[in-house]
Amino acid sequence: MKNLFGMGAGEITAELLQWNLPGYRGKQIAEWMYQKGAMSFAEMTNLPEKLRGALSKEYEILRADCRDSQFSADGKTAKFLLGFSDGTAVETVLMRQSYGNSICVSTQAGCNMGCVFCASTLHGMARNLLAGEILAQAIHIQEMLRREAAGQKVDTMVIMGSGEPLMNYENVVRFLRLCHADDVMGMGYRNMTISTSGIVPNIYRLMEEGIPVSLSISLHAPDDALRSRLMPINRKYPLADVIKAGTAYGEKTGRRVTYEYILIDHVNDGEEQAEELVALLRGKLASVNLIPINPVVERNLNRPSKQRVEWFEKYLFAHHIPVTLRREMGADIQAACGQLRNKNMT
Ligand code: SF4
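Everything numeric here is computed off the predicted structure, so don't read it as measured data.

Q: Tell me about the layout of surface pockets, and name the residues and values.
A: Of the voids in this model, the second largest pocket is the one considered here, and its volume is about 300 Å³. If you trace the second largest pocket, you find 18 residues lining it, with Asn3, Phe5, Leu62, Leu130 and Glu133 closest to the centre. Of all elements in the fold, only α4 (131-148) and α5 (169-180) reach the threshold of two or more residues within the lining of the second largest pocket. The element best represented in the lining of the second largest pocket is α4, accounting for four residues. Class assignment of the residues belonging to the lining of the second largest pocket gives a composition of seven nonpolar, five polar and six charged. A domain split of the lining of the second largest pocket shows at least three residues from each of domain 1 (2-60) and domain 2 (65-345).

Q: Can you lay out the packing of helix α6 (residues 200-207) against helix α8 (residues 239-253) for me, pointing to particular residues and giving the numbers?
A: It is at 9 Å that the axes of α6 and α8 come closest, and there the two elements cross at 5°. Considering the angle they form, α6 stands roughly parallel to α8. Between α6 and α8, the residues in contact are Val200, Ile203, Tyr204, Leu206 and Met207 and Asp241, Val242, Lys244, Ala245, Ala248, Tyr249 and Lys252, respectively.

Q: Please provide a residue-by-residue account of the site of the ligand, values included.
A: By nearness alone, every residue bordering the ligand is listed as Cys111, Met113, Gly114, Cys115, Phe117, Cys118, Ser120, Thr121 and Gly163. Residues belonging to the shell around the ligand are distributed by class as follows: five nonpolar, four polar and no charged.

Quick notes on the rules
- Residues numbered from 1 in each chain as written.
- Predicted model: local features only at pLDDT ≥ 70, side-chain atom pairs only at ≥ 80, totals over all residues.
- Heavy atoms only, no water.
- 1 Å grid on protein atoms, 1.4 Å probe; cavity = no way out; pocket = protein on both sides within 12 Å on 5 of 7 lines; lining within 4 Å.
- Points joined across faces, edges and corners; volume = space filled by probe spheres on them.
- Helix = DSSP H or I, 4+ residues; strand = E, 2+ residues; numbered from the N terminus.
- Nonpolar A, V, L, I, M, F, W, Y, C, P; charged D, E, K, R; others polar.
- Domains from an automatic or database assignment.
- Axes fitted to C-alpha atoms, helices over the stretch in contact; angles between N-to-C directions.
- Parallel < 35°, antiparallel > 145°, perpendicular 65-115°, else oblique.
- Contact = heavy atoms within 4.5 Å.
- Near = heavy atom within 4 Å.

Below, the structure is given as structure tokens:
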């Protein structure tokens, strides 16, 4: 049986071409799967009964099933372990922000980038997710929100869960286009943010796609020696090349690039690093998002004191680098990516 979930209306129409169906059938099937929560063809009541029967014999609708979940005490953050038909499972997070519902989706099961502060990489990478599997995460949460209240939906999305999205390039770009399609989620590209550890060639490739998604680059250190220690990918794509690619992306798309900077106590939060960071980003269409680390006890990576965090933020601000400090959400449910999945693997 072939899976239709993950195909857009046009692709469904093309897939069913030999059935000589009117063009609008593809759109109807897409709307049922992505907007009306249909789990089977039998539910698609505006399709002729004979067609529903024929579809059920040759095609299936493979969604994600929820294997585990955690909810923060304040009810604002929820984390789901969503599984696919081969047993693979990934984490997806919902954050109810003041500006709307934001989700964080995974693009690979695990990750092999090896960032020292990240739980997703501890068991390496199992496999890339298909576009339909990334979409299934977003649709799972969209349907949950709809059940809660009519009109409620996913408003913004970050592609920042487990995995390096630009190492699963084709599936991720296909997923972004699907989310944007009217008969799927109808989400504006500006409401989508792709987060990368800095896969330079694919940043250039992405900026030529004509899909102006926001770009977020994990920096975490302002010099090559420290960055290579924290993020091994820096040995392949060093800092200067990453910043150059980020700058080109900003200029081409007109979108401000965000540099993520996890603050680690007495590792990258000193005056020297603050100065270097300012020098690196001065005059660029860029902002810095500071994230006090979720401590990784095994690696002796600790969160800086509130005073050190505030000092770092003020330093950047005083030197005209737009800066935000990520508000901590869901710390009580171990919101750092990979931890719920790891718990279910052991
Ligand atoms: S931070 Fe992102 S790129 Fe780095 S290991 Fe974790 S999931 Fe992979």
